[in-house]
Amino acid sequence: MSNQPAKSLSAYNLLLVLSLLGLVYGGVFKAFFVLTGVNVYDLTILSAISIVLLLMMKFEFKFKRDGVWVAILLGSFSFSYMSSLLYSPSSVYGPQKLVGFLGLLFSFFVGLMLPKGVVSLFLRVIPDFGIVISIAFLLIMTSNLQALIEFDFSGVGLVAGEILGVGVIICIFQPDKSILRMLGMLLSISLILFLGARGPLFFLILIGSFLGLMSVGRNLNYLAIIRRKTLYFIIIAISSSFILISILSGTPIFEFMESGFSRFLLFFESDKGDSVNLRMQMISDAIYYIGQSPFLGHGLGSYGLVVYGTDFRAYPHNGVLEIWFEAGIAGLVLFLSFILMSFMMAMKRNHATLACIIIFLILNFLKSSSLDELRLLFLICGFSAGFLVNEKGYKN
């Protein structure tokens, strides 16, 4: 029997995965292009078109009851959230945020429709993708590119830290425990430290502790990712890291990594740093104004106008407060219900990887990002409650 169909399917899956990366991280790719002086069209839209065409070409869909119920719950939240634009005082950022929110809905429904082979390949690619993006970010931030003066590239570092965290979770649950995979996970954790990504590291520790407790007294060992035969090589890798750091000492890369690592030391200081202090003030402002309209909220994209008197992109850096501030208590309850059901669907299908990624992304949402940036979270929620997919031309 010819291997041509299998090869064709592998190439097809790879194209879908590349399109998914463009959908979720189109802004990151565009930032890299801008620094090199290349003006590209919105990669998110191009990737969305590519995904639609690829899915229409190859697959037909049947509905699963679980997927339908999760979709209905998301639809209820979406109606509540988007309706808040009707009474929002924001005429600039509100409509812009609505467009971004529609991207979240598209990501969710794409996740529902993807076959298991594509989902599996996407999850395998994420750890390596996070490492590549993080190293590229470090190299660019320590270069002398003139574009860095005109363009704020620091936001890519926040995204890189999140991708690295998701990659570590995927490595924990992957059956592939090869030396290269273990060293990749070690490199990911090191890069989180060098980037100064305090939130992702803290949330990884929380999830790791939870998994450790879950394995006590059960025939589970989620944290047995370092086998005896790989321990020797990991010791060599750590030793090599210290040697590399000593070689880089005094270079711009070393100074950048040192400043990133020093961010963790602020946890032990009375002054947590400008970033934490500013976010605490934003949270305090959000709580104050929520008290003025707790049931309906102030409307979509209204945070900047209500708090600062200017209609611009602003949010309280806390997902729960952001949704409550904009859509009221009903919108918040519907959102949390949607996330909880997606988590339960992942657990019901024994997909602990997706369940832990959902927890990680929600924890990260509590300290960073705006709702309209959570395409990866909505995509993962779609994975957890996916429809039954039949491939055209092949037996089920």
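Our subject is the structure listed above.
Residues numbered from 1 in each chain as written. Predicted model: local features only at pLDDT ≥ 70, side-chain atom pairs only at ≥ 80, totals over all residues. Heavy atoms only, no water.

Among the nonpolar cores identified, the biggest contains 93 residues, and Phe122, Leu371 and Phe378 are the most heavily contacted of them. Among residues more than four places away in sequence, those in contact with phenylalanine 378 are Leu74, Leu104, Ser107, Phe108, Phe335, Phe338 and Leu371. In this structure, Met282, Ala286, Val307 and Leu321 belong to the second largest nonpolar core, which totals ten residues. (Core = buried A, V, L, I, M, F, W, Y, C linked by side-chain atoms within 4.5 Å. Buried < 20%, exposed > 50% of the residue type's maximum accessible area, 1.4 Å probe, protein only. Contact = heavy atoms within 4.5 Å.)

Moving on, we get to the packing of aromatic side chains. A full pass over the atoms with the stated rule returns 17 aromatic pairs. Taking 5.5 Å as the distance between ring centres and 75 degrees as the angle between the ring planes, the aromatic pair formed by phenylalanine 108 and phenylalanine 338 counts as edge-to-face. Taken together, the residues span a long stretch of sequence, with phenylalanine 108 in helix α4 (residues 93–113) and phenylalanine 338 in helix α14 (residues 319–348) at a distance of 230 residues. On the basis of relative accessible area, phenylalanine 108 is assigned to the buried category, the value being 0%. Its relative accessible area of 0% is what places phenylalanine 338 among the buried residues. Three or more aromatic residues joined by ring pairs form one cluster here, namely Phe77, Tyr81, Phe101, Phe335 and Phe365. (Phe/Tyr/Trp six-rings, centres within 6.5 Å; stacked < 30°, edge-to-face > 60°. Helix = DSSP H or I, 4+ residues; strand = E, 2+ residues; numbered from the N terminus.)

Another aspect to go through is the pattern of salt bridges. Side-chain pairs of opposite charge can arise whenever the charged atoms involved come near each other. This model, assessed by the stated rule, comprises four salt bridges. Note that glutamate 373 is salt-bridged to arginine 313, the shortest N-O span being 2.4 Å. Placement of the pair is glutamate 373 in the loop between α15 (352–365) and α16 (375–384) and arginine 313 in the loop between α13 (303–308) and α14, with a sequence separation of 60 residues. The partly exposed category is assigned to glutamate 373, whose relative accessible area is 36%. The class of arginine 313 is partly exposed, set by a relative accessible area of 38%. Taken together, the shared-partner salt bridges connect Lys97, Glu322 and Glu326 into one network. (Salt bridge = Lys/Arg side-chain N within 4 Å of Asp/Glu carboxyl O.)

As a further point, take helix α7 (residues 154–173). Here α7 contains 20 residues, and its C-alpha end-to-end distance of 30 Å stays within 8% of the 28 Å for a straight helix at 1.5 Å per residue. Buried residues dominate α7, accounting for 16 of its 20 residues. (Expected span 1.5 Å × (residues − 1).)

This brings us to unusual backbone geometry. In this structure, asparagine 350 takes a positive phi of about 60 degrees despite not being glycine. Secondary-structure assignment places asparagine 350 in the loop between α14 and α15. Of the residues examined, asparagine 350 reaches a relative accessible area of 71% and is grouped as exposed. A positive phi angle, close to 70 degrees, is found at serine 369, a residue other than glycine. Structurally, the position occupied by serine 369 is in the loop between α15 and α16. Judged by its relative accessible area of 13%, serine 369 is buried.

One can describe the packing of α7 onto helix α8 (residues 179–195) by two numbers: an axis separation of 9 Å at closest approach and a directional angle of 150 degrees. The angle between the axes of α7 and α8 places the two elements in the roughly antiparallel class. Viewed along their axes, α7 and α8 form a crossing whose handedness is left-handed. In this structure, α7 contributes Gly157, Ala160, Gly161, Leu164, Gly165, Val168, Cys171 and Ile172 to the contact, and α8 contributes Arg181, Met185, Ser188, Ile189, Leu191, Ile192 and Leu195. Of the residues contributing to the contact of α7 with α8, the split by class is ten nonpolar, four polar and one charged. (Axes fitted to C-alpha atoms, helices over the stretch in contact; angles between N-to-C directions. Parallel < 35°, antiparallel > 145°, perpendicular 65-115°, else oblique. Left-handed = near helix turned anticlockwise from the far one by under 90°. Nonpolar A, V, L, I, M, F, W, Y, C, P; charged D, E, K, R; others polar.)

Let's shift gears to a nonpolar patch on the surface. On the surface, Leu86, Tyr87, Phe295, Leu296, Ile329 and Val333 cluster together into a nonpolar patch covering about 660 Å² of accessible area. Within the fold, tyrosine 87 resides in the loop between α3 (65–83) and α4. (Patch = residues over 30% accessible without salt bridge, like charges linked within 9 Å, V, L, I, M, F, W, Y side chains within 5 Å. Areas by Shrake-Rupley, 256 points an atom, 1.4 Å probe, with all protein chains shown as cover.)

Relative to the 24 Å expected for 17 residues at 1.5 Å per residue, α8 spans 24 Å between its end C-alpha atoms, a close match to the ideal helical length. Among all positions in α8, only Arg181, Met182, Gly184, Met185, Ser188, Ser190, Leu191, Ile192 and Leu195 are buried. Positive phi shows up at glycine 196, right after α8, with a value of about 70 degrees.

The angle between the axes and the distance between the axes are what describe a pair of packed helices. Between α7 and α15, the least distance of the axes is 9 Å, while the angle of their chain directions is 155 degrees. Viewed along their axes, α7 and α15 adopt a mutual orientation that is roughly antiparallel. Our pair here, α7 against α15, has a crossing hand that is right-handed. On α15, the residues touching Glu162, Gly165, Val166, Ile169, Ile170 and Phe173 of α7 are Ala352, Thr353, Cys356, Ile357, Phe360, Leu361 and Asn364. Of the residues in the contact of α7 with α15, the class split is nine nonpolar, three polar and one charged.

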